[in-house]
Structure formats: C-alpha cells, structure tokens
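Observations on the model geometry
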Amino acid sequence: MEEIIERIKNNRLAQIALVAVILVIIFSFYILSKISTSRKKPKLPCYNEKIKILSPFPDEKFYEIKKIFTSYCINIEIIKKPIEYIRENLLKEIAEGKIPDLVYIDNDFIIKNKGIFKGYEGTKIKKENFPETSVIFSDNKLINYPVSFDTLVMFSNEKYLNILGIINPPNTFSELISIVKTAKNNPFLKNVIPIALGTSNNIDNFYEIFLTIHKNLDPSSYKNVEAFYKTFDFYTQFANKLSDLYSWDSSFSNSLEEFGKGNVLFAFGFYSDISRIQEINNRLKFRITEFPKFANFNQTNYLKIYSFAVPLQGKYKFAWKVLEILDDNYE
C-alpha cells in the first residue's frame, strides 16, 4: 500500500487519474440522489378543468392561488362583483342558470340560504382547523370554507379633524359626543354633517352597528328589555331634531356614500368598506380607527366572517376538490 502511495506521489498522470476517479464517484452519487429525489416527489394530478369564482376581488388578488392551480391543470375564471351585488343577486342568478362554482360571501348570507349550498362530503378539510364560531353546518356537513374576517371601524374625515385641531380621532363615545357638539358650533363646518348615525333606513351596516352599541353600552344587562330602550334612545339622539347632537336626517343618502362625497366628519362601517369609499372618491383623505368604546377597556366588536361556499347546482364535487387543494397549500 505504501509503495502504491509513493508511486502516485511521484507520478503526475497517476495523480490526475486519481482525481478524475474521485470526481466521477462524486458526480455519480449526485445523479443517483437526484434520481432518488425525483422518484419520491409525487406527481400532481392534472384535472384539466375550469373553475368560476364569484368574488368582489379583482383578478390580480388571485395571482398566487392561480399559480397553485396551474400545477393541477385548473383554470380559474374570476367573476368580479361587489359584495352587495352578490348578496342581492346570487339567488336570482342561480335561478337563471348563471351558477358560479365557488362564491365568496359572508356567513350571515350562508346561514339564511343554507339550502342553495352543497355540504362537504370529504375528509381532508378538518373543521378543527377553524375557529368554532366561523364554521356552519347543515345535516352535520360543513357548508362554508372560512377565508377572512371583518370588524367594525370608525372613519374620520382628515380635513375636518385638522380644522377642529384634533390630532387623533376619539377612542370613546364620550369623546366622540364632545367633538360632535364642537363641530356643530364651528362656523367653518357649517355645511358638514358631524356624524352619520341615528336612523336605520340610510345607515350602512345599521344592524351590526346597533347591535355592537347595544352589547357595549351596558354589558351586564344588555339582554334586558330596558337595556334595549336605553340603546335605542342613545342611538336615535343623533337623528332627533330636538337633541343638541342632531346631525343626521333620513333624507340623506346612505352614510358611506355621504362620507365618500366628503360631507361627513364621522361614519361607521366595516374595514372592507374602505374600497367602497375610495371608489366614491379616491382623493378623500380619511383616518381609520377602532370602533369607539363606552369605557377605557376592550369591548365587543362585531365579527363578520367571509367564506367560500359551493352552490348546489354547480360543479360541487370538483369545487370542493379545489377547496381541498387550497387547504393543502395555505395555513
């Protein structure tokens, strides 16, 4: 052995040959490992299908999802409609045969219209992966796939805050009421509506706003009838012409529309309403803050849950397969 090593040391050709042999061995191991890895990697099925998604979001919002589905030979067609349009027209369009394979809609709509959706019959999607309050069942079958959550916020016109010298919008209703009174007496805000609140017919998201105020105004007794009257009096004072907080009238357009036009100092809505306001006036500068409290501690907010649901009359088997793929690729 020592003799062989000595010869290699003194022979240039032998050294080159040895290096070449070592490189061949290393390269061979590399190729074998690649082949082994490629064998272990499962081949994705190719469905060669098209899926129609009815959603308020534009095509570019689905860019990452589309890349995933391309691997499965699934083509996604986005039908973009405002969420209000979907709520008001989905039943009608399904009856006319315009049936999406998946629809993005709030859970309240799904609960009220369970009969038009097809429940999940598979086992891959686990209900335990979602908050308990976000999943809906019909005949013990999951009928929604939760994807996003929305809460109430307060919108404040930045221009009017500056006129009043207010750096930060109010955190509590007591602060809010004080600012409303100040705004009503400010000569530079003579034609400005201090707050969009107090009626039901022209307040966007009236039910959710009223319910949240009711739950927080007196948390210990909100279930009592007296508490309801207390909430009603508090809420309607902003539309009562005899009140020193009178700001809003039933003759006005909807609250978010008036805010978007720059006519209102404070308005309430869901965080997702930002896009609606910007569509009305993309030059409007406004602040977005938490829904006001009745005390300086955390209180209840209205949680609106949005889900994908599968219409019963569409390609429901394949639509749920698509949601399984989505579930595999996203937390």
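Provided above is the structure to which this section pertains.
Presented here is a report on the structure given in the accompanying data block. This one's a predicted model, so the numbers in the text were calculated from it and none came from an experiment. Within every chain, residues take consecutive numbers counted from 1 along the sequence as written. The predicted nature of this model means local features are confined to residues of pLDDT at least 70 and side-chain atom pairs, given and counted, to a pLDDT of 80 or more, with totals for whole chains, interfaces and linings taken over all residues. Side-chain numbers come from the whole structure's heavy atoms, not from hydrogens or water.

**Focus: the environment of Asn191**
- Secondary structure elements are taken from DSSP: a helix is a run of H or I of four residues or more, a strand is a run of E of two residues or more, and numbering for both begins at the N terminus. By secondary structure assignment, the location of Asn191 is in the loop between helix H7 (173–184) and strand S7 (193–195).
- Judged by relative accessible area, Asn191 falls into the exposed class, the value being 73%.
- For the pair Asn191 and Val264, spaced 73 residues apart in sequence, the C-alpha separation works out to 9.3 Å. For each residue, the accessible area found with a 1.4 Å probe, counting protein chains only, is set against the maximum for its type, and the residue is called buried under 20%, exposed over 50%, and partly exposed in between.

**Notes on the side chain of Asn216**
- Here Asn216 lies in helix H8 (residues 206–217).
- Of the residues examined, Asn216 reaches a relative accessible area of 5% and is grouped as buried.
- Polar contacts involving the side chain of Asn216 include one to the main-chain carbonyl oxygen of Thr212, which spans 3.1 Å.
- By the criterion applied in these results, polar contacts are pairs of N or O atoms within 3.5 Å in which, for protein atoms, one can donate a hydrogen and the other can accept it, and in which residues neighboring in sequence qualify only through two side-chain atoms. Polar contacts involving the side chain of Asn216 include one to the main-chain carbonyl oxygen of Thr300, which spans 2.7 Å.
- With residues up to four places along the chain from it excluded, the contact list for Asn216 reads Phe294, Gln299 and Thr300. Should any heavy atoms of two residues lie within 4.5 Å, those residues are considered in contact.

**Details of the packing of helix H3 (residues 63–70) against helix H12 (residues 316–329)**
- To get an axis, a line is fitted to the C-alpha atoms, and for a helix only the part in contact is used. The angle between two axes follows their N-to-C directions and goes from 0 to 180 degrees. Their axes nearest at 11 Å, the elements H3 and H12 cross at an angle of 110°. Considering their axes alone, H3 and H12 lie roughly perpendicular with respect to each other. Contacts between H3 and H12 involve Ile65, Ile68 and Phe69 on the former and, on the latter, Val322, Ile325, Leu326 and Asn329.
- Residues are grouped as follows: nonpolar covers Ala, Val, Leu, Ile, Met, Phe, Trp, Tyr, Cys and Pro; charged covers Asp, Glu, Lys and Arg; every other residue, Gly included, is treated as polar. Residue classes in the contact of H3 with H12 are distributed as 6 nonpolar, 1 polar and no charged. These descriptions rest on fixed angle ranges, namely under 35 degrees for roughly parallel, over 145 for roughly antiparallel, 65 to 115 for roughly perpendicular, and the rest for oblique.

**What to know about the side chain of Asp204**
- Relative to the elements of secondary structure, Asp204 occurs in the loop between S7 and H8.
- You can call Asp204 buried: its relative accessible area is 9%.
- A polar side-chain atom of Asp204 sits 3.1 Å from a polar atom in the side chain of Arg276.
- The contacts of Asp204, once residues within four sequence positions are left out, are Ile209, Asn254, Ser255, Leu256, Glu257, Phe268 and Arg276.

**Thoughts on helix H4 (residues 83–95)**
- Multiplying one less than the number of residues by 1.5 Å gives the expected span of a helix. Between its terminal C-alpha atoms H4 stretches 19 Å, which fits the 18 Å expected from 13 residues at 1.5 Å a residue.
- Each residue is assigned a bend, namely the angle between axes fitted to the seven residues that terminate at it and the seven residues that start at it. Remark: the principal bend of H4, roughly 55°, maps to Asn89.
- Among the residues making up H4, those that are buried are Ile83, Ile86, Asn89, Leu90, Glu93 and Ile94.
- Gly97 sits one or two positions beyond H4 and adopts a positive phi of about 90°.

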